[in-house]
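# Structure assessment
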Amino acid sequence: MKHFYYILALLFFSISCTNATTNKKNKPNVILVMTDDQGYGDVGALGNQIIKTPNIDSFYKESVHLTDFHVGPTCAPTRSALMTGRYANSVGVWHTVGGWSLLREREKTLADMFSENGYKTGGFGKWHLGDNHSFRPENRGFQETVMHGGGGVQQTPDYWGNTYFNDTYFKNGKPQKYEGYCTDIFFGEALNFIKEHKDEPFFCYLAPNAPHGPYNVPPEYYNMYKDVSKDKLTDKQKRFYGMITNIDDNFGKLRKTLEDLKIADNTILIFMTDNGTAAGVAYKNGKVLGNTAGMKGHKGSHYEGGHRVPFFIHWKNGKLSKAKDIQQLTAQIDIMPTLAELCQINLPKNHMPLDGKSIVPFLKDTSKKDDRMVVTDSQRIQHPEKWRGSAVMQNTWRLINGKELYNIENDKGQKNDIASSHPEKVAEMRVFYEKWWTKVSADFDKEVYIKVGIPQENPVTLTAHDVHAPNGNQPWNQVYIRKGSKGYGYWTLDITENAKYKVSLRRYPIESGLKINTTTPAITKQEVPGLEENIPAGVNLHYQKAIIQFGDNSAVETRIENNAMSADFTLNLAKGKTNLTAKFIDDKGEENVAYYVYIQKLN
C-alpha cells in the first residue's frame, strides 16, 4: 500500500512539473521596440510621403494601433513612466540631466515584473535612468544588457570616444568593444538574446539611441535621401530619415528572425517611440518640410506633436494581427498593467500604486469608451513647477499650462484657444490637475542618492551629467568636455560606511588615458564617414588646483602636478547622506566643475 502511494505521489509530482513547464512555454514572449526622438509623422504608414519605412509599414498593416497614445515630451521621463506604470514626476525622473534622471530605488520595472514571473529579460540600447549601481538596468530586473551610457551615445557618462561607429558599450555593466553601427549592434545583440532564449518566455526591451542626435548615419542610408530636393528636406532631415530607414531594415530582420525561429505567432511585438520628433520637421521660408501629421509642436513641447507618438502592437495568438485603430486616450503608464494582463502574470512584488490602467478591454472592443484624464508635462528643471509645460488630456480635450483649451477633434493643430467659451471644462480639468499635482509632488523634496563605498561599484564614477544645478550648467556631452564648457553644481551621495576614501578628480575619464592639462585631436568625417560634424579637438584648460567639499565640512584643495592624470584626495568620510562639490581652478582663477570624479573606499 505504501508503495502504491509512493508511485501516486511521484505521478502527481510529474504531472505538476509537466503542467508548470507547459504553462511557462505557453506564455507569450514580449518584444518592446522604442526608438529615440522619432515622431508620429516620421513613419511612412502615418502619412510621410518621403521616408522609407517599408518594414514598419508592413507591420502597421498587421497590428492594432493606438492612435491617441501619449508619452512624455522628452526621453528619460517617458522611459521611467513606461518602465513603472507610474507618472515620471512620482518616480523622480522629470529631467534628462542634473541628477533627476535617476529612477528612485523603490520603483519596480517591467523587467522586474517579467523576471519575477519566470521570464528571461534583456535590454539593448538606451536606458537613461541612471548609470550607477542601484539605478543601472542590471540592478532593475534585466538579466542581460548591452547599453550605452547616459541619455545617448557620446554623452558624458558614455564610453569615451564613441561616435556611433565601432563603439564600446556596456555588456552586463562591463565595457566591451563592438564593430559596426550602433543601431545594427543593438538589434544584433537583441537577436542573439532572442535566439538563445527562443524555447522559454522572454522579455526583450530594444531601445536604440537612433535617431537621436548627433545625426551620424552610415553613408549608404544618407545616400538614399541625398538627392531629395532642398525644398523638401534639409540636410539634417536627410540624415535623420536615413537613421530611421536603418532602424526599419533592422526591424525587418527582427521580424524575419521571429519567423525563422517559429516563435512569431506567440510573440507580442510592440513598436513605439519615446517623444515627438526632434529633426523630422523643419521650417524654410514659411514652408513646413516633413510630416507634422497635422499636429503642433515637437520634442519637448506640451502641444500634441511633443508627446503623441506611434504605438503598434501585434500578437497573432492573441488575435491582435489585423489592422485596426483604437482611438481611446492611452499613455505609456498603461503598458505595464496591459502586458501583465495579456501575459497573465503578476505585477512586481512591492510595487508602488499604478497610475496607468490595462487597455486590454479596448483591444478586445474598439468601440469601448472611457472618459479618463491623463497628464503629461515637460519640467526639465531642478525643482518642478506647477502647470509648467503641462497638458491635461481627456478624450479630444487638451488643457495647456492650465490656461489654453483646445478640442483636437476639429482643431488638430491646436490653433484656436476656446478656453473663454468653455470655462466649465477648464475648471473641471484644472480640478483634476490639482489632485494629480498633489499626488506626484509628494516626494519632490526627497533627493535621489548615489551610493558610495559599496563592493558592487568601487570606485563609484560620477559625471557632470548628473550634477544638480540650474539648466545649462551640466556639461552632459563629450563635445562639451572637449570644448571645456563651464559648469557647476553638486552630487547627492550616500556614504554607506565610515571609512577612508580616495577621491580623484579628472578632466577626462579613466578609459581615455588622458592627462588633466592636455589637448586631444579632433575626430573628423574623413576618419569616420557618416559623422554629421567633426568632433572637435579637446582644448587645454590649464588647471592649477582642485577643490572638493562634502556637505558642511571644510573645503579641501590640492595643487595639480605636471602631467597629472587626476587630482587626488585621501580622507575619512562619515557614513550618511551628503552633497559633494568638486571643481578645478584654472590659471585665470576661474572655476569649473570636475567632469569626472571617482570615489574609492580603501581597505
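Scroll up to find the structure.
Here is what the cut-offs are and how they apply
- Residues numbered from 1 in each chain as written.
- Predicted model: local features only at pLDDT ≥ 70, side-chain atom pairs only at ≥ 80, totals over all residues.
- Heavy atoms only, no water.
- Pairing = 2+ DSSP bridges.
- Helix = DSSP H or I, 4+ residues; strand = E, 2+ residues; numbered from the N terminus.
- Axes fitted to C-alpha atoms, helices over the stretch in contact; angles between N-to-C directions.
- Phe/Tyr/Trp six-rings, centres within 6.5 Å; stacked < 30°, edge-to-face > 60°.
- Buried < 20%, exposed > 50% of the residue type's maximum accessible area, 1.4 Å probe, protein only.
- Lys NZ or Arg CZ within 6 Å of the ring centre and 35° of its normal.
- Patch = residues over 30% accessible without salt bridge, like charges linked within 9 Å, V, L, I, M, F, W, Y side chains within 5 Å.
- Areas by Shrake-Rupley, 256 points an atom, 1.4 Å probe, with all protein chains shown as cover.
- Salt bridge = Lys/Arg side-chain N within 4 Å of Asp/Glu carboxyl O.
- Lys, Arg positive; Asp, Glu negative; His and termini not counted.
- Charge placed at Lys NZ, Arg CZ, Asp CG, Glu CD.
- Contact = heavy atoms within 4.5 Å.
- Expected span 1.5 Å × (residues − 1).
- Arc of directions from axis to C-beta.
- Core = buried A, V, L, I, M, F, W, Y, C linked by side-chain atoms within 4.5 Å.

The next thing to look at is the sheet that holds strand S16 (residues 390-394). Strand order in this open sheet of four strands is S15-S16-S17-S18, and the pairing throughout is antiparallel. Looking at strand neighbours, the two that pair on one side only are strand S15 (373-377) and strand S18 (404-407), the edges of this open sheet. Looking at each pair of strands side by side, their axes are set apart by 20 degrees on average, direction ignored. Two elements, S15 and S16, share five bridges in a ladder whose sense is antiparallel. Residue pairing in the sheet places valine 374 in a bridge with methionine 393 of S16.

Turning to the packing of aromatic side chains, a few remarks are in order. According to the stated counting rule, one finds 32 aromatic pairs in the structure shown. Note on phenylalanine 124 and phenylalanine 193: the rings are 5.6 Å apart at their centroids and 55 degrees apart in plane angle, and the pair reads as tilted. Separated by 69 residues along the polypeptide, phenylalanine 124 in strand S4 (residues 120-125) and phenylalanine 193 in helix H5 (residues 182-196) bring together distant segments of the chain. For phenylalanine 193, a relative accessible area of 1% corresponds to the buried category. Through pairs of rings, three or more aromatic residues link up here, namely Tyr87, Trp94, Trp100, Trp387, Tyr433, Trp436, Trp437 and Phe444. The cationic tip of arginine 239 hangs over the ring face of tyrosine 222; the distance from NZ or CZ to the ring centre is 5.3 Å. Seen from the ring of tyrosine 40, arginine 308 lies directly overhead, with NZ or CZ sitting 5.7 Å from the centre.

Below, the discussion takes up a positive patch on the surface. A cluster of basic residues, Lys230, Lys232, Lys284 and Lys287, forms a positive patch at the surface. Among the structural elements, lysine 230 can be located in the loop between helix H6 (219-222) and helix H7 (235-260).

For the rest of this paragraph, the subject is the sheet that holds strand S8 (residues 202-207). Backbone hydrogen bonds hold the strands of a sheet together, and the pairing may be parallel or antiparallel. Taken together, 10 strands build an open sheet; the order of strands is S7-S6-S5-S4-S8-S1-S9-S12-S2-S13 and the sheet is mixed. One side of each edge strand has no neighbouring strand; the edge strands of this open sheet are strand S7 (174-177) and strand S13 (324-326). The average undirected angle you get between the axes of adjacent strands in this sheet is 20 degrees. Bridge analysis of strand S1 (residues 29-35) against strand S9 (residues 267-273) gives seven bridges, and the strand direction is parallel. Residue pairing in the sheet places isoleucine 31 in a bridge with leucine 269 of S9. Contacts between H7 and the sheet are confined to S1, S8, S9 and strand S12 (311-314), with S9 contributing the most and set at about 175 degrees to the helix. Contacts from helix H9 (residues 335-343) reach S1, S9 and S12, with the element oriented near 165 degrees to S9.

What follows deals with helix H11 (residues 423-440). The end-to-end C-alpha separation of H11 is 25 Å, in line with the 26 Å expected for 18 residues at 1.5 Å each. For H11, every residue scored as buried is listed here: Lys425, Val426, Met429, Tyr433, Trp436, Trp437 and Val440. All buried residues of H11 lie within an arc of 100 degrees about the axis, which places them on one face of the element. Seen from the buried face of H11, the exposed residues on the opposite side, beyond 90 degrees, are Glu424, Lys435 and Thr438. In this structure, the buried side of H11 is in contact with S15, S16, strand S17 (397-400) and S18.

Residues Leu493, Leu505, Val597 and Ile599 are the most contacted members of the largest nonpolar core, which totals 65 residues. Considering each element in turn, this core owes the most residues, six residues, to H11.

Time to look at the pairing of S7. Looking at chain direction, strand S6 (residues 168-171) and S7 are connected through four bridges and run antiparallel. The residue bridging lysine 171 from the neighbouring strand is lysine 174, located in S7. Linking S6 to S7, which pair antiparallel, is a turn of two residues; within it asparagine 172 sits at a positive phi near 50 degrees.

The next subject is the environment of isoleucine 194. Looking at where isoleucine 194 falls in the secondary structure, it is placed in helix H5. Between the C-alpha atoms of isoleucine 194 and glycine 122, which are 72 residues apart in sequence, the distance is 8.8 Å. Ignoring any residue separated from it by four or fewer positions in sequence, one finds isoleucine 194 in contact with Ile31, Phe202, Cys204, Leu254, Leu258, Leu261 and Ile263.

Before going further, it helps to examine unusual backbone geometry. Alanine 210 connects to proline 211 through a cis peptide bond whose omega is 5 degrees. Tracing the sequence through the fold places proline 211 in the loop between S8 and H6. Cis geometry marks the peptide bond from asparagine 458 to proline 459, where omega comes out at 10 degrees. In the Ramachandran plot, asparagine 401 falls in the positive-phi region, its phi being about 55 degrees despite a non-glycine side chain. Position of asparagine 401 among the secondary structure elements: in the loop between S17 and S18. The class of asparagine 401 is partly exposed, set by a relative accessible area of 22%. The phi dihedral of glutamine 414 falls on the positive side, at around 50 degrees, and the residue is not glycine.

Purely geometric stuff here, so don't read any function into it on its own.
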